[in-house]
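Given next are the chains, with one letter for each unit.
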Amino acid sequence: MSFRRFLIKRTVIAALLTLIAVSIIFATLRLLPADPFSALVASGSLTPEEVEQVRAMYGLDDPIYVQYLRYVENLFTFEFGISLTQQRPVGEIIVPALVNTLVLLLPALVVTAILSSLAGMYAGWNRGSWFEQSSIVATTVFRATPIFVTGIFLLIIFSYGLGWLPAFGMRSPLANPQGYVATYASVDFLRHYILPFTATVLFYSGDFLMLARNSVVERKGSEFLMLHRAKGLSEMEQLGRAGRNSLLPLVTYFALRTGMLFQGVITLEVVFAWPGIGRALVQAILNQDYPTVQAAVFIMALAVIVMNLTADLAYAKLDPTVETGDV
Amino acid sequence: MSLLEVDDVKIAYRMPGDDVHAVNGVSFSIDEGDNYGLVGESGCGKSTLAKSVLGLLDDNGEVRRGSVRFDGRDLLDLSEREWQSVRWEDIAYIPQSAMDSLDPVMTVGAQIRQAIRKHRDVSKATANERVAEVFEMVGLDPDRTGNYPHQFSGGMRQRVTIAMALALDPDLLIADEPTTGLDVIVQDKIVDKLIEIQEEIGSSLLLITHDVGVVAETCDETSVLYGGKVMEQGDTDRIFGAPTNPYTIGLKNAFPEVDQFDEQAISIPGSLPDLTREPTGCVFRNRCPFATEECEGSHPALVEVDGRLSACHYTDRADEMRAEAADPATWGIDVRDEGDRTAGVGNAILETRDLEKWFRQPQGILDDLRGVDPDYVKAVNGVDLSVREGEIVGVAGESGCGKSTLAEVIAALQDRTGGEILIEGTPVDELLGEDTKEFRSRVQFIFQDPFDSLNPRQRVRAAVSEPLKIQGHDAETIDRRVRRTVEDVGLRPAEKYLDQLPTQLSGGERQRVAIAQALVLDPTLLICDEPASMLDVSLKANILNILREKADERDIGIVYISHDLASLTQIADRLAVMYLGRIAEVGATEDVVTAPKHPYTASLLAASPKTDPAVDRRRVLLPGEPPNPVDLPGGCNFAPRCPKAEETCRGEEPERSAFADDGHEAACYFPVEDVETELLERYAAAREEEVGEVVEDGPTL
Ligand SMILES: Nc1ncnc2c1ncn2[C@@H]1O[C@H](COP(=O)(O)OP(=O)(O)O)[C@@H](O)[C@H]1O
Ligand code: SF4
Ligand code: SF4
Ligand SMILES: [Mg+2]
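What you see is a predicted model; the values in this text were computed from it and never measured.

## Overview of the site of ligand 3
- Near ligand 3 lie 13 residues; those nearest to it are Cys636, Cys642, Cys649, Cys668 and Tyr669 of chain B.
- Classifying every residue of the shell around ligand 3 by side-chain character gives 11 nonpolar, 1 polar and 1 charged.

## Thoughts on the pattern of salt bridges
All names here are of chain B.
- Inspection of the entire model under this criterion finds 44 salt bridges over all chains.
- A salt bridge links glutamate 320 to arginine 317, with the nearest nitrogen and oxygen atoms 3.3 Å apart.
- Between arginine 484 and aspartate 522 there is a salt bridge, and its shortest N-O distance comes to 3.7 Å. Within this pair, whereas arginine 484 is found in helix α18 (residues 475-488), its partner aspartate 522 is found in the loop between α20 (507-519) and β19 (525-529), the two being separated by 38 residues in sequence.
- Taking the relative accessible area as the measure of exposure, arginine 484 reaches 39% and is therefore partly exposed.
- Several salt bridges share partner residues, and in doing so they unite Arg481, Arg484, Asp488, Asp522, Glu549, Lys550, Glu553 and Arg554 into one network.

## Thoughts on the site of ligand 1
All names here are of chain B.
- Near ligand 1, the surroundings consist of 15 residues, among which Gly43, Lys46, Ser47, Thr48 and Asp58 are the closest.
- Between ligand 1 and threonine 48 there is a distance of 2.3 Å, counted from an oxygen atom to a side-chain nitrogen or oxygen.
- Contact with the protein chains covers 73% of the free accessible surface of ligand 1, which is 560 Å².
- Of all elements in the fold, only β2 (20-30) and α1 (46-54) reach the threshold of two or more residues within the shell around ligand 1.
- Residue composition of the shell around ligand 1, grouped by class: 6 nonpolar, 6 polar and 3 charged.

## Here's the deal with the nonpolar core
All names here are of chain B.
- Phe28, Trp88, Ile112 and Ile174 are the most contacted members of the largest nonpolar core, which totals 104 residues.
- Among the elements that make up this core, the one with the highest residue count is helix α6 (residues 154-166) (7 residues).
- Residue contacts for isoleucine 174: discarding those within four places in its chain leaves Ala50, Val53, Leu54, Ile91, Ala92, Tyr93, Ile94, Leu206 and Ile208.
- Counting 68 residues, the second-largest nonpolar core is a separate cluster that includes Ile392, Leu547, Ile556 and Leu621.

## Remarks on the sheet that holds strand β1 (residues 4-13) of chain B
Residue and element names in this part refer to chain B.
- Pairing in this open sheet of 4 strands is antiparallel, and the strands run β2-β1-β4-β5 from one edge to the other. The open sheet has two edge strands, β2 and β5 (73-74), and neither has a second partner.
- In this sheet, β2 lies alongside β1 in antiparallel orientation, the contact comprising 8 bridges. The residue bridging valine 6 from the neighbouring strand is phenylalanine 28, located in β2.
- Those strands touched by α1 are β1, β2 and β4 (61-70), and its axis lies near 115° from that of β1.

## Some words on the environment of aspartate 529 of chain B
All names here are of chain B.
- In this structure, aspartate 529 sits in strand β19.
- Measuring from C-alpha to C-alpha, the distance between aspartate 529 and threonine 503 comes to 22 Å, with 26 residues separating the pair along the chain.
- For aspartate 529, the residues in contact, after removing those within four places along its chain, are Ser404, Phe445, Ile446, Phe447, Gln448 and Ile561.
- Here the side chain of aspartate 529 touches serine 404 through a polar contact of 2.8 Å, side chain to side chain.

Cut-off values and rules
- Residues numbered from 1 in each chain as written.
- Chains lettered and ligands numbered in written order.
- Predicted model: local features only at pLDDT ≥ 70, side-chain atom pairs only at ≥ 80, totals over all residues.
- Heavy atoms only, no water.
- Near = heavy atom within 4 Å.
- Nonpolar A, V, L, I, M, F, W, Y, C, P; charged D, E, K, R; others polar.
- Salt bridge = Lys/Arg side-chain N within 4 Å of Asp/Glu carboxyl O.
- Helix = DSSP H or I, 4+ residues; strand = E, 2+ residues; numbered from the N terminus.
- Buried < 20%, exposed > 50% of the residue type's maximum accessible area, 1.4 Å probe, protein only.
- Polar contact = N/O pair within 3.5 Å; in protein donor to acceptor, adjacent residues only side chain to side chain.
- Areas by Shrake-Rupley, 256 points an atom, 1.4 Å probe, with all protein chains shown as cover.
- Core = buried A, V, L, I, M, F, W, Y, C linked by side-chain atoms within 4.5 Å.
- Contact = heavy atoms within 4.5 Å.
- Pairing = 2+ DSSP bridges.
- Axes fitted to C-alpha atoms, helices over the stretch in contact; angles between N-to-C directions.

Everything listed here is a matter of geometry and, on its own, says nothing about what the molecule does.
The structure is reproduced here in structure tokens:
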């Protein structure tokens, strides 16, 4: 099978998965006992007649399949509608929040993937060394501790204790930058960034470290490394080859991890008051703002699916022995 | 001064409990341009010794005594950095298992280039030229340097490692079992290539192998190792012409020649010595039939006998021992009455008629829709084979010729796609009818790999009784039959083995458990797929003897599949040679071996190395590898590689009866009369031409 055919096949599968995810979101929200407007009636802000009007406006009177189709069409064209509580398009709420989250998590994940993998390879190569033992213990502790606990510790030490870094939010209350560049390329942002970033890096470091270490340990006794050594390659060059041969599981895991990017994001963002998608979701749920909830969940699901697709493709590209047909 | 001088080297591996004393005071030296052989069963310390010369011992290994001098320089004192410059530049290494020795995620060209550029300051382009050059030298297509290791067959990968070793014109080549696991024909070509190139570039060769034949044919001098000690050392012709050491005698016996059919395999019973203590007595004493109290006391020193060195207290009795060793009884093996073979008289147990197993090649969905006919791999393509009571039928052929598929189809482990299989006259479909019980009680299978075929958590008792339980026997019968069978395959007393786990057994013992598992149901037909290929020579002989015995005693029919012709000719009453899914030749073993009619059979037989150094054998340089059995040309399958092929051969496929004489049949229009002139000389001539084209030189570094 050619790579192109493989690509098409995988993409179709990913699209189907997305459709399924979307349908589940739809069904779940429709199955909830009360619709959002009953709450408004109960609270006395709308009369039943007004509710009828609003329902018609939102198309909730149409037959269910019409609603479904419209809903799917909207999601796939990234038309998320109007927020029920904030009277703005959902996109305007979700997109900046999503960007904030990605700005925090993606660099953290990339940094931890690279650093901990390298450390893990070094640890695996020097098996039984002091470095190996201590790095495993340290990263395992951080992996086992919930991310918000690490976050709270960091806050206690560096904000409240030493007072070096701010404790809340993404920028000082007084700063009011416009546009992404001004927002993210500032010292003020950086000071807010360090702690949640560190918490994330520490949390994920254990997985990559162990994975890299284990694959290098596995490669270490292999015949091909012996031949590399017999050719006169230096220790570091041999480690380099062992590392290259361990790349496959690491890349796969990286993609998988990125797909599960939003796991733990809620507590992280709540602890650091980071205005990201996790916090937006929590607020939307509390406010029963269904269009926003829908959009946030959809985006998270989409991220998982797209990242898994990338993982598959990277796998096929990286491993010469994987004939694209077998995947 | 010799190029390499290994002096009194002692190597041990540190282990949690006791250290393993792998090499115990070995000395030898290799002169410039010489071929030196190290032989011995696996575990005798050959690889350990080779690795110490390159400074490649595993982390827990250490040289405890002695020195290794290369070109006058003491290697053991080198720092890791100094080692790096010696490796490959001066001493190159051809590893034991080419299958796993190449970096799977790097193209083979890049791996060779890496070796060159590590030591020479040359541009990538110059390095690439050299890569292409060494590729041609070993007979690989230089256009394939950009391929990854998995795109090459085993034999081709071994060529890649040889090409890599040649890249820098090293002074010494160390080849660790370079052909183990390859077919005889491929082995012959690779050894030939290796020797040719080594002579061309004038380097010395240290050849490590357990195959007496390969050493006897290629090395000037040899050391025979056992238990980390040199048992016999000196001129190869003398050593294998008339061995003086009991171990060498036993080892040579265990390697039968292809034409020694009908002789009982004589193995060295017992297993390797315990290396966790330094040897105090003769390392061979627990297996040596001539051991005395004196041997218990001290390991004999190497003394000169008859122009070579031998380590035995009784070197003066060498002639006597050699004569006695030819008698199986000396080694405690029951002598079998060879005259008592019932071959060919019993009823037919197995008959296949035009048996076919075609594998459909995957093809695109579009082709499917368009109704394009799919391609098939014709793994088994019209095979007629019969086996009688008490008869062992050997099936030989290169890897990929369909032997294993044939075995699995007959054993109903795979469905057939055409033809008929009759077991004692009953079509298999009838036997397989409602459940497979009836079939399984008659037909049993023994797999190649004793390590994989047993469940690691199942004790011997459970493993052997399982087939009986499936058949629904009562506990008492099961116990009785399990004990009997276990003892029958030589695991005596049964008590000692019944409660052991596979990990507690040696390779040979495991394979015997597998045989017991197959025999416990008293099958009428036993199918063995390379049952001894993973085992050491002495164990192999052992398994052969057990199978022969069972065939004679219980009147079982046995299909014995192997690429090892020597074992086949020893054990089989009739021999069938397969090529690309068809039987090229079949007949009584003796007829086939002494007068092969099909050019392929003749080549295969001629490719087996001779353990007798006095025999001068011409190598079989059969061109190419078997083609992919998908798009086979019309006519005779073998025509593209056959030196005798003519127009007729390419037209219509020869029937198996094209040559027939008293049960000896060959599918060939022009049966071989004289192997030497009709085949071997023509192969060699064709090769000369090919080489002549290549040699018009490229740049050298
Ligand atoms: N890394 C190791 N640790 C412990 N024992 C080893 C190691 N490598 C080899 N041995 C032992 O050393 C002995 C010699 O092994 P080896 O040199 O590989 O023999 P050969 O190459 O002749 O088969 C065997 O008993 C083997 O089990
Ligand atoms: S010294 Fe004794 S045990 Fe060793 S080989 Fe000679 S006879 Fe056998
Ligand atoms: S039939 Fe022709 S091509 Fe085939 S083996 Fe015989 S001589 Fe060779
Ligand atoms: Mg070895």
